[in-house]
Amino acid sequence: MLTPEVIAEAGSNHNGSLEAAKKLIDIAEFAGASSVKFQFIYADGLYLPKYLDDETYIDNPVFKVRKSEELSESQWKSIWSHAKLRGIDISASVFCRKGISLLKSLGSPYVKIASTDLTNHWLIGQACAAFDRVIV
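Being a predicted model, the structure only gives us computed values, none of them experimental.

(A) Spotlight on empty space enclosed by the protein. Using the criterion set out here, one finds one cavity of 30 Å³ or more in the structure. Estimated volume of the largest cavity: approximately 90 Å³. Along the walls of the largest cavity sit Ser12, His14, Gln39, Phe40, Ile41, Tyr42, Arg66, Glu69, Glu70, Leu71 and Trp76, which together make up its complete lining. Of the residues in the lining of the largest cavity, the class split is five nonpolar, three polar and three charged.

Given below as structure tokens:
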């Protein structure tokens, strides 16, 4: 009999906090999830830092917030180690080349493509080239 796979959606709910990310892993493991999935959101690969409003470029507040919530590669390595200690698989949704590269280097068992990228053939192709398992 097959057992369903339950992937806990941690997303970007860590809000840039290493401790919060580890707590999300603990909660997913306690709830019995098979895996926990974050989002690798890099503002430079996803948002414009400024946008045109009438004839003036203004700072993009979404870019600033997302930039402030980015975790470093060493922080992600610590998060991956924590998941391994808790005995739960871990992965992420990716949105750019940097996310794919980091996820691959962390040894993730799968990659997730967000529904907003269902027509992003370049990203899907890169994910398929890097991972044996791609969830769309």
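(B) Structural context of the pattern of salt bridges. Summed over the entire model, instances satisfying the criterion amount to 10 salt bridges. Close ionic contact of Asp59 with Lys64 constitutes a salt bridge, the shortest N to O distance being 3.3 Å. Asp59 sits in the partly exposed class, given a relative accessible area of 37%. Salt bridges linked by common partners bring Asp26, Glu29 and Arg86 together as one network.

(C) Expanded view of the packing of aromatic side chains. For the structure on display, the rule yields four aromatic pairs. Here the aromatic rings of Phe40 and Trp80 are separated by 5.9 Å at their centres, their planes lie at 50 degrees, and the arrangement is tilted. You can see Phe40 sitting in strand β2 (residues 35-40) and its partner Trp80 sitting in helix α4 (residues 73-86), a full 40 residues away along the chain. Judged by relative accessible area, which is 1%, Phe40 ranks as buried. Taking relative accessible area as the criterion, Trp80 reaches 9% and is therefore assigned buried. Connected via pairs of aromatic rings, a cluster forms that spans Phe38, Phe40, Trp76 and Trp80. In this structure, Lys104 is placed above the aromatic ring of Phe131, and the distance from its NZ or CZ to the ring centre is 5.5 Å.

(D) Main features of the nonpolar core. With 32 residues, the main nonpolar core has Val36, Phe38, Phe40, Trp76 and Ile79 as its most contacted residues. Elements with a contribution of two residues or more to this core: β1 (7-11), α1 (18-30), β2, α4, β5 (89-94), α5 (97-106), β6 (111-113) and α6 (121-130). The residues touching Phe40, leaving out its near neighbours within four places in the chain, are Trp76, Trp80, Ala92, Ser93, Val94, Phe95, Gly99, Leu102, Leu103 and Leu106.

Quick notes on the rules
- Residues numbered from 1 in each chain as written.
- Predicted model: local features only at pLDDT ≥ 70, side-chain atom pairs only at ≥ 80, totals over all residues.
- Heavy atoms only, no water.
- 1 Å grid on protein atoms, 1.4 Å probe; cavity = no way out; pocket = protein on both sides within 12 Å on 5 of 7 lines; lining within 4 Å.
- Points joined across faces, edges and corners; volume = space filled by probe spheres on them.
- Nonpolar A, V, L, I, M, F, W, Y, C, P; charged D, E, K, R; others polar.
- Salt bridge = Lys/Arg side-chain N within 4 Å of Asp/Glu carboxyl O.
- Buried < 20%, exposed > 50% of the residue type's maximum accessible area, 1.4 Å probe, protein only.
- Phe/Tyr/Trp six-rings, centres within 6.5 Å; stacked < 30°, edge-to-face > 60°.
- Helix = DSSP H or I, 4+ residues; strand = E, 2+ residues; numbered from the N terminus.
- Lys NZ or Arg CZ within 6 Å of the ring centre and 35° of its normal.
- Core = buried A, V, L, I, M, F, W, Y, C linked by side-chain atoms within 4.5 Å.
- Contact = heavy atoms within 4.5 Å.

In short, the description is geometric, and any link to function would need to be established separately.
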